[in-house]
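Chains, contacts and geometry: an overview
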Amino acid sequence: MSNEDILNQVSKILRNTFDDQEIKIEKATSADDIDEWDSLSHIELISNIESHFKVRFALGELQDLKNVGDMVDLISEKI
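All of the points below concern the structure found in this document. (Residues numbered from 1 in each chain as written. Predicted model: local features only at pLDDT ≥ 70, side-chain atom pairs only at ≥ 80, totals over all residues. Heavy atoms only, no water.)

1. What about the overall build of the protein?
For clarity, the threshold we go by: Helix and strand definitions here come from DSSP, where helices need a minimum of 4 consecutive H or I residues and strands a minimum of 2 consecutive E residues; each element is numbered from the N-terminal end. Under the scheme applied here, a residue whose accessible area is under 20% of the maximum for its type counts as buried, over 50% as exposed, and between as partly exposed, the area being computed with a 1.4 Å probe on protein chains only.
Broken down by element type, the protein carries four helices and zero strands. Helices (α) and strands (β) of the protein occur, in sequence order from the N terminus, as α-α-α-α. With respect to the principal axes defined by its C-alpha atoms, the protein has extents near 30 × 25 × 20 Å. The burial tally for the protein puts 37% of its 79 residues in the buried class.

If you want it as structure tokens, here you go:
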């Protein structure tokens, strides 16, 4: 699966998690760019991503992520 495919799927997960189909998602998108992205919704988002891609993240891996592009790269490494 290409990183572009992963980005498209992560974008759908983000839009569904935040219940906003108009959110524009790019690799540089971060929690600072989405008002609804708080600590509780972050947990839900990670859970949704893990379920969708059938992967598990270690806490240390998640702490180093700065944006959606970093998440895409991490998913790519795991699948």
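2. Let's talk about the environment of Glu77
Considering the arrangement of structural elements, one finds Glu77 in helix 4 (residues 68-78). Between the C-alpha atoms of Glu77 and Leu59, which are 18 residues apart in sequence, the distance is 16 Å.

3. Notes on the layout of surface pockets
Applicable threshold: The rule is simple: put a 1 Å grid over the protein atoms alone, call a set of points where a 1.4 Å probe fits but cannot get out a cavity, call an open set with protein on both sides within 12 Å along at least five of seven lines a pocket, and count a residue as lining if it has an atom within 4 Å of a point. Grid points are joined across faces, edges and corners, and a volume is the space filled by probe spheres set on the points.
Taken as a whole, the largest pocket spans an internal volume of roughly 240 Å³. Along its surface, the largest pocket is lined by 17 residues, and Ala31, Trp37, His42, Leu65 and Asn67 are the ones closest to its centre. Put simply, the parts of the chain that give the lining of the largest pocket at least two residues each are helix 1 (3-17), helix 2 (39-53) and helix 4. Here the element with the most residues in the lining of the largest pocket is helix 2; it accounts for four residues.

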